[in-house]
Amino acid sequence: MKINDSEEPDYVTVKITNVGFIDEYGIEGLLLLQSDDEREFHMHAFSGEVARHISSFLSGEETVPTIYKMLEEICEVNEIFLVKIKIYESGQALRANLYFTGKTELVLRNYRASDAIALAVFYKIPILVRKNLLQETMKV
């Protein structure tokens, strides 16, 4: 299977439906991710700083943290592009694999899911979540 193949039997593409904070001080971030069939995954226990980056990227702001600029430059020099991320559980933590393609194919494994999501939003690429993490939407 090639990195940019769309066939992902254990994963579902999701979109961000809400970004916010668990606490009133904005220390802990919260994301709501939703699939096309309206199943959701609620992600929390990551920094409020990353939540603010995700929110600004979603709103189109151009303020880009240095670490993201560094990754962009590394990709440009090596003629590769981030094409998708996959979110999964690893023990009690959420992790992500980052998939690059171009001159060569590269997979960076086991990175923080929140950082990977921020990169996915910045680059406007698919966010895939392991199917078993999604739950039916709660109707009020």
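No experiment lies behind these values; they were computed from the predicted model shown. (Residues numbered from 1 in each chain as written. Predicted model: local features only at pLDDT ≥ 70, side-chain atom pairs only at ≥ 80, totals over all residues. Heavy atoms only, no water.)

### Structural notes on the overall build of the chain
Filter applied, for reference: Each helix is a run of DSSP H or I of at least 4 residues and each strand a run of E of at least 2, with the numbering of both proceeding from the N terminus. Summary of the burial criterion: residues with accessible area below 20% of their type's maximum are buried, those above 50% are exposed, and those between are partly exposed, where the area comes from a 1.4 Å probe applied to protein chains only. Throughout, a contact is declared for two residues whenever any of their heavy atoms are within 4.5 Å. For accessible areas, the Shrake-Rupley method is used with a probe of radius 1.4 Å. Any residue's cover is judged against the shown protein chains and nothing else. Residues scored as charged are limited to Lys and Arg (positive) and Asp and Glu (negative), so that His and the chain ends carry no count. Throughout, a charge is located at the NZ atom of Lys, the CZ atom of Arg, the CG atom of Asp or the CD atom of Glu.
Per the secondary structure count, the chain includes 3 helices and 7 strands. Shown N-terminal to C-terminal, the secondary structure of the chain runs as helices and strands in the order β-β-β-α-α-β-β-β-α-β. Judged by the C-alpha coordinates and their principal axes, the chain covers about 50 × 35 × 30 Å. In the chain, which comprises 140 residues, the proportion classed as buried is 42%. Taking as baseline every contact in the chain between residues at least 6 positions apart, the subset at least 24 positions apart corresponds to 50%. If you sum the accessible surface of the chain, you get close to 8,700 Å²; carbon and sulfur atoms cover 50% of it. Charge-centre separation for the chain: the mean point of 15 positive side chains lies 4 Å from the mean point of 22 negative side chains.

### A short note on a nonpolar patch on the surface
This is how it is decided: Patches were defined on residues exceeding 30% relative accessible area and lacking a salt bridge, with like-charge contacts within 9 Å and nonpolar side-chain contacts (Val, Leu, Ile, Met, Phe, Trp, Tyr) within 5 Å. Every case where a carboxyl oxygen of Asp or Glu lies within 4 Å of a side-chain nitrogen of Lys or Arg is listed as a salt bridge.
A surface patch of nonpolar side chains, about 290 Å² in accessible area, is lined by Ile67, Met70 and Ile74. The class for methionine 70 is partly exposed, based on a relative accessible area of 46%.

### Examining the nonpolar core
Here is the rule: Each nonpolar core is a collection of buried residues, namely Ala, Val, Leu, Ile, Met, Phe, Trp, Tyr and Cys, held together in the definition by side-chain atoms within 4.5 Å.
If you look at the biggest cluster of nonpolar residues, it comprises 36 residues, and the most contacted ones within it are Ile16, Ile54, Ile85, Ile87, Ile117 and Ile127. In terms of residue count, the dominant contributor to this core is helix α3 (residues 113–123) (8 residues). In this view, isoleucine 16 contacts Leu31, Leu32, Leu33, Ile54, Leu58, Ile117, Val121 and Ile127; residues no more than four positions away in its chain are not counted.

### Digging into unusual backbone geometry
Despite not being glycine, glutamate 38 shows a phi value in the positive range, around 70°. Relative to the helices and strands, glutamate 38 resides in the loop between β2 (28–35) and β3 (40–47). Residue classification places glutamate 38 among the partly exposed residues on the basis of a relative accessible area of 41%.

### Points about the pairing of β3
Threshold: Think of it this way: DSSP has to see at least two bridges between two strands before they count as a pair.
Taken together, the 7 bridges between β2 and β3 define a ladder with antiparallel strand orientation. Across the sheet, the residue bridging to glutamine 34 is glutamate 40, located in β3. Where β2 hands over to β3, the hairpin turn is made up of 4 residues, of which glutamate 38 adopts a positive phi near 70°.

### What about the pattern of salt bridges?
Considering all chains together, one arrives at 3 salt bridges under this definition. Here aspartate 10 and arginine 130 are joined by a salt bridge, their closest N and O atoms 3.6 Å apart. A residue pair is termed long-range when its members are at least 10 positions apart, and aspartate 10 in the segment before β1 (11–21) and arginine 130 in strand β7 (residues 127–130) qualify at 120 residues. Judged by its relative accessible area of 41%, aspartate 10 falls in the partly exposed class. With a closest N to O distance of 2.8 Å, arginine 112 and aspartate 115 form a salt bridge. Under the relative-accessibility criterion, arginine 112 is labelled partly exposed at 47%. On the basis of relative accessible area, aspartate 115 is assigned to the partly exposed category, the value being 24%.

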